[in-house]
Amino acid sequence: MPAFDLIIRGGTIVDGTGEARFTGDVAVKDGLIAQVGEVSGDAAEEIDASGMLVTPGFVDIHTHYDGQATWDQEMAPSSWHGVTTVVMGNCGVGFAPAKPDKHEWLIGLMEGVEDIPGTALAEGMSWDWETFPEYLDALEKFPRTVDVGTHVPHGSVRAYVLGDRERPGAVPTEDDIAQMATIVEEGVRAGALGFSTSRTVLHRDVDGEVVPGTTATKEELIEIGRAMGRAGHGVFEMASDMMREWDEFGWMGALSRETGLPCTYAALQSIAKEMPLDEQISSMRAENDNGANIVAQIALRGNGIVMAWRGTVHPFRLKPSWKEIQDLPWEEQKAKLFDPEFKAKMLAEQHDFSEVNQDIIGLIMVVCGGWNMQFEMDPDFNYEPTAAESILERAKAAGKSGDEYAYDLLCSDDGKGFIYLPILNYADGNLDFLHELQNADDTVNSLSDGGAHCGTICDAASPTFMLQHWVRDRSRGTISLENAIKRQCADTARLYGLEDRGVLAPGYIADINVIDMERLKLGKPWLAFDLPAGGKRLLQKAEGYVATIKNGVVTFREGEWTGETPGGLIRGPQRAELAEAAE
């Protein structure tokens with residue numbers, strides 16, 4: 001009988017600790033790493049990793065697979081990019097607890113905030129739960145390619161307690177807050193990894209209303225945080241506009257010191273945030289210097305919109321001519337869009353801003369004509385384009401207006417052209433500001449939004465982008481491979497108490513990637529219509545993932561799913577049981 005289930009031979013091992021890479025073998029037995037280094041003995045299967053990287057599986061802590069995880073075993077697109085663990089339920093949106101009469105409301109909240117088609121959610125979810133512990137039970141019954149963990153989401157909790165009273169500006173009573181705290185404590189004790197909320201005007205439901213957490217008081221948030229403290233674990237996760245009057249860092253610092261638990265927030269250059277990013281970071285560090293544990297979640301590229309005719313957003317959506325054809329089948333739309341007379345008519349029209357919410361009018365105007373901030377997505381697009389590559393400059397060179405160039409670009413590739421508009425994290429026209437933050441121990445790589453923003457982005461590819469752009473190709477300065485792997489594996493895992501993964505060492509879960517760095521390359525995005533009810537989603541694959549292994553089982557070979565589903569549900573913090581190295 002073979003000594004091991006799997007041996008990965010002769011790879012360049014980057015073990016997730018941040019220590020220097022080395023050449024060696026990794027042996028797997030019973031779902032755990034048994035040996036790392038020079039491994040003798042045989043195995044049921046061997047993978048030749050000569051010339052390849054061998055890393056831990058990636059841990060993505062900011063995703064929105066809350067609905068998809070109940071029906072989809074493959075868990076794409078995150079699983080296509082070396083991710084073996086996801087944390088969902090971020091930004092205060094999710095589907096538990098859920099009273100039967102609130103299903104549609106919760107779907108509308110998720111659709112509005114995260115751009116996940118409501119029809120897909122309505123058809124895909126079974127709703128065989130009401131309480132949060134029952135939702136965890138439902139997740140546990142369904143095997144996948146990855147492990148999933150989740151937060152208790154503020155929007156669901158508020159809707160469950162307040163019922164029809166839940167609306168923007170609603171003020172819960174002390175009894176309401178006590179009930180919310182009890183629900184959160186029950187969820188965390190049942191295995192939730194934390195609690196999440198959203199306090200940004202950019203997050204709105206399908207009807208355009210701000211999400212429940214936006215107007216919550218710090219007293220409500222602190223009481224909920226204390227509930228996690230009573231349960232003994234959990235991360236308080238938040239997206240916020242960081243209004244100075246809210247003193248977000250003050251109350252997060254106080255809550256963290258009182259409970260001993262970490263708070264984490266989306267740290268971005270954002271038009272919606274009153275505090276600039278450097279002030280956010282300095283305010284966080286002032287609290288941490290005073291004993292708090294606040295961690296900034298940073299994105300590795302500009303957060304924005306990938307625009308297409310069939311996507312959720314494009315620059316001509318507010319033109320009267322588009323509104324005339326927006327409900328037509330695609331082939332009929334395409335025939336109109338490719339008609340020179342229709343094109344001339346649309347380009348001559350003014351945008352209709354009459355129904356646009358004034359809180360986001362500036363953003364909408366950039367979408368509709370900010371050609372200096374929009375970029376053509378070429379086959380080798382690297383997500384850090386220069387001003388000279390903008391649609392404005394390319395239109396000038398082509399002797400066209402920005403409107404006409406953008407229109408023709410969207411019509412390219414048989415109507416499948418893409419325009420990139422980085423709304424957040426690109427105020428400087430480059431990503432230089434992220435270089436220092438990726439070497440800080442109070443930040444984590446995050447904000448991929450895997451499973452969300454289906455018609456506008458595919459940042460679930462962030463781990464691949466990190467390796468391709470930040471480690472290998474970036475002309476403005478790279479980061480070390482060892483640091484990049486540590487940040488996407490051990491650091492993200494440790495924030496959520498997942499001490500059993502993110503490192504290649506005996507006793508850790510055998511979540512492993514074998515990667516050919518020379519071949520690693522993001523593919524061109526495409527729109528698929530493969531969600532339940534034909535819902536659309538923007539997808540992106542990558543070349544160079546030789547194998548991805550979850551719990552010792554190969555789940556992907558050369559980017560193709562093997563059909564294996566060794567992933568399960570994570571309930572609460574996980575401790576590493578270090579195994580004795582096999583003889």
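I will try to describe carefully the structure that is included in this document. (Residues numbered from 1 in each chain as written. Predicted model: local features only at pLDDT ≥ 70, side-chain atom pairs only at ≥ 80, totals over all residues. Heavy atoms only, no water.)

Quick look at the pattern of salt bridges
Okay, so step 1: For the structure shown, the criterion picks out 46 salt bridges.
Okay, so step 2: For Asp442, the salt bridge identified is with Arg285, shortest N-O distance 2.7 Å. One end of the pair, Asp442, is in the loop between helix 15 (433–437) and strand 16 (443–445); the other, Arg285, is in helix 8 (residues 277–289), and 157 residues separate them in sequence.
Okay, so step 3: Judged by relative accessible area, Arg285 falls into the partly exposed class, the value being 28%.
Okay, so step 4: Within this structure, Asp147, Asp500, Arg501, Asp511 and Lys550 form a network of salt bridges that share partners. (Salt bridge = Lys/Arg side-chain N within 4 Å of Asp/Glu carboxyl O. Helix = DSSP H or I, 4+ residues; strand = E, 2+ residues; numbered from the N terminus. Buried < 20%, exposed > 50% of the residue type's maximum accessible area, 1.4 Å probe, protein only.)

Comments concerning the packing of aromatic side chains
Okay, so step 1: Throughout the structure, instances matching the rule amount to 17 aromatic pairs.
Okay, so step 2: What links up through ring pairs into an aromatic cluster is the set Phe95, Trp127, Trp129, Phe132 and Tyr135.
Okay, so step 3: Seen from the ring of Trp246, Arg199 lies directly overhead, with NZ or CZ sitting 4.6 Å from the centre.
Okay, so step 4: Note that Arg301 overlies the ring of Phe465, its terminal NZ or CZ placed 5.1 Å from the centroid. (Phe/Tyr/Trp six-rings, centres within 6.5 Å; stacked < 30°, edge-to-face > 60°. Lys NZ or Arg CZ within 6 Å of the ring centre and 35° of its normal.)

So, empty space enclosed by the protein
A probe matching the size of a water molecule, rolled over the atoms, marks out where space remains unfilled.
Okay, so step 1: Applying the stated criterion across every chain, the model contains four cavities of 30 Å³ or more.
Okay, so step 2: What the largest cavity holds in volume is close to 100 Å³.
Okay, so step 3: As for the largest cavity, its lining consists of 16 residues, and the residues nearest its centre are Pro77, Gly451, Ala452, Ile457 and Leu538.
Okay, so step 4: In terms of residue class, the lining of the largest cavity is built from nine nonpolar, four polar and three charged.
Okay, so step 5: Considering only enclosed or pocket space, the second largest cavity measures out at about 60 Å³ in volume.
Okay, so step 6: Along its surface, the second largest cavity is lined by Asp60, Ile61, Leu300, Asn445, Ser446, Ser448, Ser462, Pro463 and Gln488. (1 Å grid on protein atoms, 1.4 Å probe; cavity = no way out; pocket = protein on both sides within 12 Å on 5 of 7 lines; lining within 4 Å. Points joined across faces, edges and corners; volume = space filled by probe spheres on them. Nonpolar A, V, L, I, M, F, W, Y, C, P; charged D, E, K, R; others polar.)

A word on the nonpolar core
Okay, so step 1: Counting 109 residues, the largest nonpolar core has Phe95, Trp129, Phe236, Tyr265 and Leu467 as its most contacted members.
Okay, so step 2: In contact with Trp129, not counting residues within four places along its chain, are Thr70, Phe95, Ala96, Ala98, Glu134, Tyr135 and Ala138.
Okay, so step 3: Grouped together as the second largest cluster of nonpolar side chains are 30 residues, Leu268, Met346, Ile391 and Ile419 included. (Core = buried A, V, L, I, M, F, W, Y, C linked by side-chain atoms within 4.5 Å. Contact = heavy atoms within 4.5 Å.)

Some thoughts on the packing of helix 3 (residues 132–140) against helix 5 (residues 174–190)
Okay, so step 1: Taken N-terminus to C-terminus, the directions of helix 3 and helix 5 make an angle of 30 degrees; their axes are 8 Å apart at the nearest point. With respect to helix 5, the element helix 3 is oriented roughly parallel. The handedness of the crossing between helix 3 and helix 5 comes out as right-handed. From helix 3, Phe132, Pro133 and Leu136 reach across to helix 5, where they touch Glu186, Gly187 and Ala190.
Okay, so step 2: Residues of the contact of helix 3 with helix 5, tallied by class, amount to four nonpolar, one polar and one charged. (Axes fitted to C-alpha atoms, helices over the stretch in contact; angles between N-to-C directions. Parallel < 35°, antiparallel > 145°, perpendicular 65-115°, else oblique. Left-handed = near helix turned anticlockwise from the far one by under 90°.)

By themselves, these are just geometric observations and shouldn't be taken as functional.
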